[in-house]
Amino acid sequence: MNIRGSQFSRQAYARLLFALQCLLLLSARTVCQPKPTQIAVLDLGATATGVRTAATIREMFQSKQPSQSFHEIQTIDADQVQAAAKGVGFAGSLNLTLQQARDLGAAIGCDFYLLGDAETVKRSPSTGPSYFESFASVFLVGARTGRLVLWERPNVQRDSPEESEKALLAMLASEETRRRYIIAIRRTLEEERAERASVTEINAPVIEVMSDENSETDKDVRAPRAYRRLKPPYPETAARAEAEATVDALVDIDARGEVGRVEIVRWAGYGLDQSVVDTVKQMHFFPAMRNGIATPVRVLLRYNFRKPPIENSTSQKPLSEPEF
């Protein structure tokens with residue numbers, strides 16, 4: 001009896017151990033499987049073209065995955081997205097600060113979202129016949145960081161508004177467009193993981209942030225001064241869109257007056273952000289001084305882009321002076 005009882009116990013224990021191993025293996029597979037990336041698409045303006053363009057982009061993301069190499073995407077219900085955006089007071093701006101962009105993403109509850117505008121207009125050039133142009137300004141934003149991940153402005157020209165809009169929608173519904181967006185999303189996810197991993201770095205230089213107001217902390221500090229103020233050019237991509245916007249950049253200036261890290265904290269797209277970054281990196285400063293000693297600081301530079309006169313719309317137009 002004792003021997004049989006012992007054999008039974010061993011068999012029961014073996015079965016129990018096997019069941020636990022299977023459960024652990026299943027749990028490991030579940031944990032290792034990445035959760036889908038949540039995408040929200042806001043309406044691209046109030047025009048009929050804008051509404052249909054947003055619907056096309058949603059359908060594009062909902063289409064079947066072409067291969068296992070692509071990240072799984074889930075789109076959030078359009079009504080839920082619009083209600084959340086309205087709840088935080090979003091009115092369609094394409095010129096957001098990082099905090100505003102993060103707040104919008106948090107209200108929607110997504111990982112990335114797309115916003116923009118789209119329209120079909122009639123063009124009557126001084127030479128040649130009239131035509132219809134359909135265009136869409138599309139901005140892909142990372143909800144966690146509030147950064148502008150990608151922007152583009154596809155446009156097509158046709159003889160009728162129906163043909164023009166149809167061609168634009170076909171372009172946005174293409175597999176090439178879908179692939180481009182998903183690659184940008186995947187690259188951004190990888191960059192964000194790398195940034196989180198580097199947050200624990202030690203020996204990072206201490207940078208003093210200069211506030212916009214005359215605080216007690218800053219009263220003994222003389223702000224850095226540029227040797228020569230460079231004005232970022234108004235790029236052709238912005239001229240074609242007739243874009244007007246403000247771009248804010250946080251700039252680290254070391255104790256020698258040299259520019260270090262440049263971060264765009266209010267983005268505008270259309271090539272304006274890159275124009276600011278490229279220009280600021282060329283600048284040299286008399287360093288900030290505290291009690292007669294050069295000190296590294298972080299300052300906010302603000303550039304206001306304004307649409308150039310029509311007759312010079314294809315030329316590069318300088319900005320106003322940067323604001324410290």
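Residues numbered from 1 in each chain as written. Predicted model: local features only at pLDDT ≥ 70, side-chain atom pairs only at ≥ 80, totals over all residues. Heavy atoms only, no water.

Peer 1: Can you walk me through the packing of aromatic side chains in this structure?
Peer 2: In this description, an aromatic ring pair is defined by two values, namely the gap between the centres and the angle between the planes. Applying the stated criterion across every chain yields a total of 6 aromatic pairs. Geometrically, the ring pair formed by Tyr 227 and Phe 286 is tilted, given 4.2 Å between the ring centres and 35° between the ring planes. In this pair, Tyr 227 sits in the loop between β9 (225–226) and α7 (236–241) while Phe 286 sits in strand β12 (residues 285–286), placing the two residues 59 residues apart along the sequence. Judged by its relative accessible area of 30%, Phe 286 is partly exposed. In this arrangement the basic side chain of Arg 153 is found over the ring face of Phe 135, its NZ or CZ atom lying 4.2 Å from the centre. (Phe/Tyr/Trp six-rings, centres within 6.5 Å; stacked < 30°, edge-to-face > 60°. Helix = DSSP H or I, 4+ residues; strand = E, 2+ residues; numbered from the N terminus. Buried < 20%, exposed > 50% of the residue type's maximum accessible area, 1.4 Å probe, protein only. Lys NZ or Arg CZ within 6 Å of the ring centre and 35° of its normal.)

Peer 1: Just checking my understanding: could you explain the packing of helix α3 (residues 78–87) against helix α4 (residues 98–108) for this structure?
Peer 2: Think of two packed helices as two axes; the pair is described by the angle between the axes and how far apart they sit. Where α3 meets α4, the closest approach of the two axes is 8 Å, and the angle between their N-to-C directions is 135°. Taken together, the axis directions place α3 and α4 in an arrangement best described as oblique. When you trace α3 past α4, the crossing you get is right-handed. Listed contacts from α4 to Gln 80, Val 81, Ala 84 and Ala 85 of α3 are Leu 104, Ala 107 and Ile 108. (Axes fitted to C-alpha atoms, helices over the stretch in contact; angles between N-to-C directions. Parallel < 35°, antiparallel > 145°, perpendicular 65-115°, else oblique. Left-handed = near helix turned anticlockwise from the far one by under 90°. Contact = heavy atoms within 4.5 Å.)

Peer 1: Would you explain helix α8 (residues 272–280) in this entry?
Peer 2: Within an α-helix, residues lying three or four positions from one another point in the same direction, as the helix has 3.6 residues per turn. With respect to burial, α8 is a largely interior element, 7 of its 9 residues being buried. Taken as a whole, α8 has its buried residues at Leu 272, Asp 273, Ser 275, Val 276, Val 277, Thr 279 and Val 280. Looking at the buried residues of α8, the elements they touch are β5 (148–152), α7, β10 (245–253), β11 (259–266) and β15 (297–305).

Peer 1: Would you explain helix α2 (residues 48–62) in this entry?
Peer 2: With 15 residues, α2 extends 21 Å from end C-alpha to end C-alpha; this agrees with the ideal 21 Å at 1.5 Å per step. Of all the positions in α2, only Thr 49, Gly 50, Thr 53, Ala 54, Thr 56, Ile 57, Arg 58, Met 60 and Phe 61 are classed as buried. (Expected span 1.5 Å × (residues − 1).)

Peer 1: Quick question: what am I supposed to make of the side chain of Glu 192 here?
Peer 2: Mapped onto the fold, Glu 192 is located in helix α6 (residues 175–198). Here Glu 192 is in contact with Arg 144 and Thr 145, once residues within four sequence places are set aside.

Peer 1: Would you explain the pattern of salt bridges in this entry?
Peer 2: If the charged atoms of two oppositely charged side chains come close together, the side chains can form a pair. Taken as a whole and judged by the stated rule, the model has 14 salt bridges. Residue Arg 144 is joined to Asp 111 by a salt bridge in which the shortest nitrogen-to-oxygen separation is 3.0 Å. Taken together, the residues span a long stretch of sequence, with Arg 144 in the loop between β4 (131–142) and β5 and Asp 111 in the loop between α4 and β3 (112–123) at a distance of 33 residues. On the accessibility criterion, Arg 144 (42% relative accessible area) is partly exposed. Notably, a salt bridge pairs Arg 240 with Glu 236, separated by 3.7 Å at the nearest N-O pair. With Arg 240 and Glu 236 both in helix α7 and 4 residues apart, this pair spans about one turn of that helix. Looking at Arg 240, the relative accessible area reads 52%, which means it is exposed. By sharing partners, the salt bridges in this structure join Asp 111, Arg 144 and Glu 192 into a single network. (Salt bridge = Lys/Arg side-chain N within 4 Å of Asp/Glu carboxyl O.)

Peer 1: Honestly, the nonpolar core in this entry has me stumped. Any pointers?
Peer 2: In a soluble, globular protein the nonpolar side chains are often hidden away together inside. Of all hydrophobic cores here, the largest spans 52 residues; its most connected members are Ile 108, Tyr 113, Val 251, Trp 267, Leu 272 and Val 280. Among the elements that make up this core, the one with the highest residue count is β15 (6 residues). The contacts of Leu 272, once residues within four sequence positions are left out, are Tyr 234, Pro 235, Ala 238, Ala 243, Ala 245, Val 247 and Phe 305. (Core = buried A, V, L, I, M, F, W, Y, C linked by side-chain atoms within 4.5 Å.)

Peer 1: What's the story with the sheet that holds strand β13 (residues 288–290) in this structure? I'm lost.
Peer 2: The pairing of strands in a sheet comes from backbone hydrogen bonds and takes either a parallel or an antiparallel form. If you trace the 3 strands from one edge of the open sheet to the other, you get β8-β13-β14, paired in antiparallel fashion. Two strands lie at the open edges of the sheet, namely β8 (221–222) and β14 (293–295), each paired on one side alone. Bridge count for β8 against β13 is 2 bridges, and the pairing is antiparallel. Its bridge partner being in β13, Val 221 is matched across the sheet by Arg 290. (Pairing = 2+ DSSP bridges.)

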